[in-house]
Amino acid sequence: MKTKFCLAKSGLTIAAALLALTAFSYGQVGTDVKDAAKDTGKATKKAAAKTGHATEKAADKTEDTTESAAKKTGHATKKAAVKTGEATEKAADKTGDATETAAKDTGKGVKKGAKAVGHGVKKGAEKTEDVVK
């Protein structure tokens, strides 16, 4: 009976050892998971910092580009306004010249018309005078 008791005791010892080993294994897994979570947290923090820096750089470049485009647009608008002003001035000069020429031509036409009417009136008066005599 002593042998049986010893075998049972050995089985119990083996079971206890396996249980301890299992607990240790679970403890090690818990530590590994904890370490992995810490590493993931550090990597996430690093990636967020880099992303933030890259976003800031992109915003700065966008600002510079927008400012440059606005300056160029302003300059082009100013040039266009000057050219429009010059073209308007030229058009006004041409309109003035054309109006002056038209006025002269109209004046000549009126003068000729008045002369013709005056001549016709004179002839009509002479005819009337002849008839009256």
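Treat the numbers as computed from the prediction; the structure is a model and nothing was measured. (Residues numbered from 1 in each chain as written. Predicted model: local features only at pLDDT ≥ 70, side-chain atom pairs only at ≥ 80, totals over all residues. Heavy atoms only, no water.)

A.B. asks: Can you help me understand the overall build of the protein in this one?
C.D. replies: Each helix and strand counted, the protein has 1 helix and 0 strands in total. Of the roughly 11900 Å² that the protein leaves accessible, carbon and sulfur atoms contribute 66%. (Helix = DSSP H or I, 4+ residues; strand = E, 2+ residues; numbered from the N terminus. Areas by Shrake-Rupley, 256 points an atom, 1.4 Å probe, with all protein chains shown as cover.)

A.B. asks: Can you help me understand the pattern of salt bridges in this one?
C.D. replies: Close approach of charged atoms lets side chains of opposite charge pair. As enumerated under the stated definition, the model contains 1 salt bridge in all. Close ionic contact of E67 with K71 constitutes a salt bridge, the shortest N to O distance being 3.7 Å. Here K71 and E67 lie together in helix α1 (residues 2-132), a separation of 4 residues that amounts to about one turn. (Salt bridge = Lys/Arg side-chain N within 4 Å of Asp/Glu carboxyl O.)

A.B. asks: Got a minute to help me understand a negative patch on the surface in this structure?
C.D. replies: A cluster of acidic residues, E56, D60, E63 and D64, forms a negative patch on the protein surface. Structurally, the position occupied by E56 is in helix α1. (Patch = residues over 30% accessible without salt bridge, like charges linked within 9 Å, V, L, I, M, F, W, Y side chains within 5 Å. Lys, Arg positive; Asp, Glu negative; His and termini not counted. Charge placed at Lys NZ, Arg CZ, Asp CG, Glu CD.)

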